[in-house]
Amino acid sequence: MLARTALAAITRSPAAFLRSSWPWRSLAYLLCSAVHAVAACMVIYAAYAYGAGLATFAALLAVAVLTPPAAAFERWRLRLVDRAPAGDPHLKPPRPGPRAWLATRLREQVTWRELGFTVVAVSVLWLMDIGLVSSALWLPLLLMSAPFQPGMRPLDGLPLFAVGLLMFPLFAYLAAAWAGTRALLTRAVLAPGDAEIIRSRARLVDAFEAERRRIERDLHDGAQQRLVSLSMKLGLARLDLPPGSPAEAQLAEAHEEAKRALAELRELIRGVHPQVLTDRGLGAAVREVAGRSPVPVDVDVALPGRLPPSIEATAYYVVSEAMANIAKHSRARRGFVYGRLQDGALVVEIGDDGVGGADPAGGSGLAGLADRVAVTDGEMTLSSPPGGPTTLRVEIPCPVSE
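Fair warning: this is a prediction, and the values are worked out from it, not measured in the lab.

Draft legend 1. Expanded view of the overall build of the chain. Broken down by element type, the chain carries 14 helices and 5 strands. Looking at the chain as a whole, 40% of its 402 residues qualify as buried. Restricting to contacts in the chain with at least 6 residues of sequence separation, those with at least 24 account for 71%.

In structure tokens, the structure reads:
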């Protein structure tokens with residue numbers, strides 16, 4: 001998916017949104033409130049059967065006991081409409097045992113937020129969720145069944161059928177909007193630290209990128225220019241010495257050493273931040289990386305214009321790392337790089353016909369690339385079954401800057 005949240009998905013074009021899985025994911029998210037509906041029905045039944053006082057006491061006791069798993073369930077189902085991870089915000093007890101666990105939980109603010117949210121979810125939110133689902137499904141279906149109702153001629157029911165059919169897209173947007181809003185509320189209450197962690201990680205990456213560019217600029221304008229000047233002076237000095245003399249041989253050796261140092265420095269600068277990426281953009285930089293690869297690589301990158309620098313840098317380092325992995329681990333005969341801008345997102349695929357079995361936990365740098373892509377609100381997926389082939393796909397939301 002190109003969007004990472006249901007609220008972001010509804011900002012895309014209607015065709016892209018309705019073709020995506022986000023309407024169905026939003027519907028499934030809201031249907032999960034059936035768990036709260038069952039709990040509410042049990043409380044109502046207990047009040048009717050055993051009296052309101054006893055039922056209220058039993059309900060409060062049940063809510064207190066079931067609050068931690070209910071909150072964990074809410075954080076789990078967030079993944080349906082919000083792809084950002086929602087970690088467990090609870091502190092770890094200082095020592096094992098139920099007393100230490102209970103004491104830690106009672107001191108935490110998040111425990112009481114979970115308690116309040118569970119009470120609201122069981123008493124109110126499930127009614128809104130199930131009510132919206134019923135409206136989104138049953139009302140259009142009821143109108144569409146008009147031509148088949150007894151006592152109504154099919155032609156007379158066609159206008160109602162058309163209205164019901166047109167209501168499906170409208171309710172798809174409504175369901176996604178409510179599911180996304182409810183997910184924001186859930187994240188704010190049950191996982192309040194995640195958003196700040198994501199923002200902090202983004203700030204660190206921005207600072208790292210700025211420092212990388214500063215180092216690249218200093219190396220390019222300082223040390224590289226001095227090495228170029230030194231190499232030229234050594235070459236001119238050789239012309240003043242007799243060919244074949246001991247001094248000329250030593251000067252020739254020093255000249256070659258200076259040229260090797262200059263080549264290594266240029267390679268280092270290219271690794272820090274390639275000049276071709278700054279001057280000519282992502283397509284040219286990818287073709288340069290592919291040209292240096294020992295494995296033949298087919299490049300098909302066609303972009304309508306320059307992309308934001310942070311997006312270009314992220315995509316470039318993904319391609320560079322993937323090309324390095326192909327050369328080191330894949331035993332492939334051929335690879336490919338594909339890049340396009342689709343529906344407001346940069347889509348890059350890197351693949352090979354090697355042995356497969358790539359594992360992000362195996363130290364190949366894939367986990368770090370996934371973190372870097374996540375900072376740009378993008379997503380990275382890997383398909384690498386044993387025996388191959390391997391395909392790495394990156395999708396990064398991206399406006400075009402001409």
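Draft legend 2. Focus on the packing of helix α3 (residues 22–31) against helix α8 (residues 154–190). Running from amino to carboxyl end, α3 crosses α8 at an angle of 55 degrees, the nearest separation of the two axes being 9 Å. By the angle between their axes, α3 is oblique relative to α8. By crossing handedness, the relation of α3 to α8 is classed as left-handed. Every residue of α8 that contacts α3 at Pro-23, Ser-26, Tyr-29 and Leu-30 is listed here: Ala-172, Ala-175, Ala-176, Trp-178, Ala-179, Arg-182, Ala-183 and Thr-186. Looking at the contact of α3 with α8, its residues break down into 9 nonpolar, 2 polar and 1 charged.

Draft legend 3. Molecular detail of unusual backbone geometry. Unusually for a residue other than glycine, Arg-331 sits at a positive phi of about 55 degrees. Among the structural elements, Arg-331 can be located in the loop between α13 (309–330) and β2 (335–342).

Draft legend 4. Local environment of the environment of Cys-41. For Cys-41, the position within the fold is in helix α4 (residues 34–50). Residue class for Cys-41 comes out partly exposed when judged on its relative accessible area of 46%. Residues Cys-41 and Ser-123, 82 residues apart in the sequence, show an inter-C-alpha distance of 10.0 Å.

Draft legend 5. Main features of the pairing of strand β5 (residues 390–397). Of the pairings in the sheet, the one linking strand β3 (residues 345–352) to β5 comprises 8 bridges and is antiparallel in character. Note that in β5 the partner of Val-348 across the bridge is Val-394. Taken together, the 5 bridges between strand β4 (residues 379–383) and β5 define a ladder with antiparallel strand orientation. Residue pairing across strands places Glu-379 opposite Glu-395, the latter belonging to β5.

Draft legend 6. Geometry of empty space enclosed by the protein. Scanning the model with the defined rule gives 1 cavity of 30 Å³ or more in all. Roughly 40 Å³ of volume is contained in the largest cavity. Along its surface, the largest cavity is lined by Leu-282, Val-286, Val-301, Leu-303, Val-337, Tyr-338, Gly-339, Leu-346 and Val-348. Secondary-structure elements contributing two or more residues to the lining of the largest cavity are α12 (282–292), β2 and β3. At 3 residues, the largest contribution of residues to the lining of the largest cavity is made by β2. Considered class by class, the residues forming the lining of the largest cavity number 8 nonpolar, 1 polar and no charged.

Quick notes on the rules
- Residues numbered from 1 in each chain as written.
- Predicted model: local features only at pLDDT ≥ 70, side-chain atom pairs only at ≥ 80, totals over all residues.
- Heavy atoms only, no water.
- Helix = DSSP H or I, 4+ residues; strand = E, 2+ residues; numbered from the N terminus.
- Buried < 20%, exposed > 50% of the residue type's maximum accessible area, 1.4 Å probe, protein only.
- Contact = heavy atoms within 4.5 Å.
- Axes fitted to C-alpha atoms, helices over the stretch in contact; angles between N-to-C directions.
- Parallel < 35°, antiparallel > 145°, perpendicular 65-115°, else oblique.
- Left-handed = near helix turned anticlockwise from the far one by under 90°.
- Nonpolar A, V, L, I, M, F, W, Y, C, P; charged D, E, K, R; others polar.
- Pairing = 2+ DSSP bridges.
- 1 Å grid on protein atoms, 1.4 Å probe; cavity = no way out; pocket = protein on both sides within 12 Å on 5 of 7 lines; lining within 4 Å.
- Points joined across faces, edges and corners; volume = space filled by probe spheres on them.

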